[in-house]
2 protein chains.
Amino acid sequence: MLGVAAGEGDRSGRRATIIDVAHHAGVSIASVSKVLRGAPGVSSAMKERVNASVEALSYRPHRLARGMRGPMFTVGVMLSDIENPFFSLLIQGMVEVFGSQGYELQIAPATAGEESQNSVIDSLIDHQMDGLILIAPRGREEHLERIGEQVPMVVIGPHGPSEHYDTVSGDDELGSALIVDHLVSLGHRRIAFLTNEHPADRLNLPESARARGFEEAMGRHGLSDDLLFVPGVWSLEGGRDAARRILEASPRPTAVHAGADVAAFGILSYLWEEGVRIPEDVSVAGYDNSPMGSFTPISLTSVDQSGHEMGAIAAKLLLERIAGRSEPHNDVLTPRLIVRGTTSAPGAAIQSR
Amino acid sequence: MLGVAAGEGDRSGRRATIIDVAHHAGVSIASVSKVLRGAPGVSSAMKERVNASVEALSYRPHRLARGMRGPMFTVGVMLSDIENPFFSLLIQGMVEVFGSQGYELQIAPATAGEESQNSVIDSLIDHQMDGLILIAPRGREEHLERIGEQVPMVVIGPHGPSEHYDTVSGDDELGSALIVDHLVSLGHRRIAFLTNEHPADRLNLPESARARGFEEAMGRHGLSDDLLFVPGVWSLEGGRDAARRILEASPRPTAVHAGADVAAFGILSYLWEEGVRIPEDVSVAGYDNSPMGSFTPISLTSVDQSGHEMGAIAAKLLLERIAGRSEPHNDVLTPRLIVRGTTSAPGAAIQSR
DNA sequence: CTACAGTTGGATAACGTTACATAGGAGGCG
DNA sequence: CGCCTCCTATGTAACGTTATCCAACTGTAG
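Residues numbered from 1 in each chain as written. Chains lettered and ligands numbered in written order. Predicted model: local features only at pLDDT ≥ 70, side-chain atom pairs only at ≥ 80, totals over all residues. Heavy atoms only, no water.

The subject of this paragraph is the protein's contact with DNA strand C. Not every one of the 24 residues close to DNA strand C is listed here, only the nearest: Ser31 and Arg69 of chain A together with Ile18, Ser33 and Tyr59 of chain B. Counted by atom, the contact set of DNA strand C within 4 Å of the protein is 60% sugar and phosphate. A distance of 2.9 Å separates a phosphate oxygen of DNA strand C from a polar atom in the backbone of Ser28 of chain A. Ile18 of chain B is positioned with one of its backbone polar atoms (N or O) 2.4 Å from a phosphate oxygen of DNA strand C. Contributing elements (two or more residues each) for the surface near DNA strand C: helix H2 (29-37) and helix H4 (63-69) of chain A together with helix H2 (29-37) and helix H4 (63-69) of chain B. Looking at the surface near DNA strand C element by element, the count peaks at four residues for H4 of chain B. Split into classes, the residues belonging to the surface near DNA strand C amount to 11 nonpolar, seven polar and six charged. (Near = heavy atom within 4 Å. Polar contact = N/O pair within 3.5 Å; in protein donor to acceptor, adjacent residues only side chain to side chain. Helix = DSSP H or I, 4+ residues; strand = E, 2+ residues; numbered from the N terminus. Nonpolar A, V, L, I, M, F, W, Y, C, P; charged D, E, K, R; others polar.)

If you want it as structure tokens, here you go:
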């Protein structure tokens, strides 16, 4: 009873520790730890006493101290673009899975730069996360491979085949081809594709896969001479900028595959301002099926990737890896075309011939 | 030299610790720690040796172990809605400030529910974050107050006055009034406001302030009898739903203050589908000035809140609190009206009188 | 009544770092 | 030449957990 100066009293201010709980319950630290972890070898009377003290002191375990020895029960997500609404969908899918499995999720925001992303990933590792999910990382495969050796990891995006981590991605090549098939079946021949700035040496980004799918499908239809790559950036402004150049192109394309919804919005915006009729004069298709696209007056033809499901799958794969699986899984989800109002048979363009 | 069994060899696989670095450099652990922390009392020769070993072993400090004694140099953000693009803006503002000050940012995603948010906040505290930023939390003031006593905290949203934490918010009441003033000056009298579901007892949410501002301004213009509150939800679907009811209202309002851009998008979508002309038949205004709103054909009249700046201010306030300030700051940013194409003098509506 | 198995509770060494207290050595001054 | 001072480098006790090992106790069978 008459212990150290401070004594038994709940000297408030400081957070209660497992030691405080042990004193309060009049049992050993080890026993409290056992109860808290649900470890075997404790009587129900002991459980009750400890739980009462935990309640009384409103004790919460110190995650760092716990993490010093065992798992943190926390996974980290590297988010390469916090503004991308598709990525938000992914995260919602993850949250549900992890939440139901007692894992916590922490997001580290990065920018599009490889350097920023790498430092964010390192930080996540420094924080002893039990696993990592990388959303559309820009890092080189060999670098990712090295990270995957250190910590359970899942990459969202068209990477792989991988040795030390799992991947989940949509079949962007197929999705892109679906758009081309759709446009060609409507009668289009001259089709433009807006490329996202992509260095030639890094071939495993969504933009690269979509570009490949576009090129392949155009070739399959015998239209290799009718395709037009428009270099630019997948953003509202980038779309507007690209639209300007598309209008100036000669011969002018009758359809545009924007590569991404956000770019399509920019393109639409510019075309509307210029009095170009959609879809009569120019058909426009996006990619991602963002919520905004489904609404009037946009009604954008797009490709759905079911981001929610993709996030959930990534989460499940990560949990499996944390549990010990080491053979790599590479899940590819099949995208589907959503036809809406911005695509139709070429009208004015055909007449002008 | 002939130490323990494992000896000096870089037994790889495990992550290098400060002890490995000390052995490698042939100095004490304490010295390594000093160099790493930039503490005074180390010779430049020592610095060089240690840094060389750090490099050689590619050592990275263990954040948890560090956090056990001192600060974590990590701040946590409770994000109540990951889909809200305005919140993304806030985070971008924060990232810049924290990044430049050597702090890391981790985001914990929550849902709109108070319960979910509280558990996320608790978790952030369990992770020993040095400070917390809460984005539009739903918790009661007294609960927030209690958290603020435990850890440096900044709340973004119209809370306060507070005793133990800082707040940053836009003047939503004023912003809402700006919209009303604008509409009234154009000649509107009958104006609808889309309320976001808000329990009567929790008055300090943005939606409440915007509702108050609407009511106050209408009263100021002697239009208290002409206002129409439309209960609903601030989302695309919620906007569409509200638009339906607004069209059925009698007398039909000539203008709608949607409360938020996302709701305005839904309203516009439905009205366009129904063949209602914007702005001739009905004027629509949003709130938040989201990027999409500025583009044709939406061109939404809205209120700008400079989210980027708001996030940066929140970050700075938090750093001040972490540094020791305890007097509460309550920053209020002045919003500004952005007039675009969805508002004009009432046309058809006036003729129908 | 003793020996033994089975069960329950407790001491304690890690985990990787920081920061405090102190030892050792060089240099300056009387 | 010795003492004092400063400066650098080191040893080590925390921080709050977990998990292993061990002691004590209970009950049971011989």
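Surrounding DNA strand D, one finds 24 residues, the nearest of these being Ile18 and Tyr59 of chain A together with Ser31, Ser43 and Arg69 of chain B. Within the backbone of Ala65 of chain A, a nitrogen or oxygen atom sits 3.3 Å from a base nitrogen of DNA strand D. Residue Arg66 of chain A places a side-chain N or O atom 3.0 Å away from a phosphate oxygen belonging to DNA strand D. Put simply, the parts of the chain that give the surface near DNA strand D at least two residues each are H2 and H4 of chain A together with H2 and H4 of chain B.

Of all hydrophobic cores here, the largest spans 89 residues; its most connected members are Leu271 and Val284 of chain A together with Leu271 and Val284 of chain B. Apart from residues no more than four positions distant in its own chain, Val284 of chain B is found in contact with Val256, Ala264, Ile267, Leu268, Leu271, Ile278, Leu300, Thr301, Thr342 and Thr343 of chain B. In terms of nonpolar packing, the next biggest core, distinct from the first, is built from 58 residues, Phe98 and Met310 of chain A together with Ile107 and Val154 of chain B among them. (Core = buried A, V, L, I, M, F, W, Y, C linked by side-chain atoms within 4.5 Å. Buried < 20%, exposed > 50% of the residue type's maximum accessible area, 1.4 Å probe, protein only. Contact = heavy atoms within 4.5 Å.)

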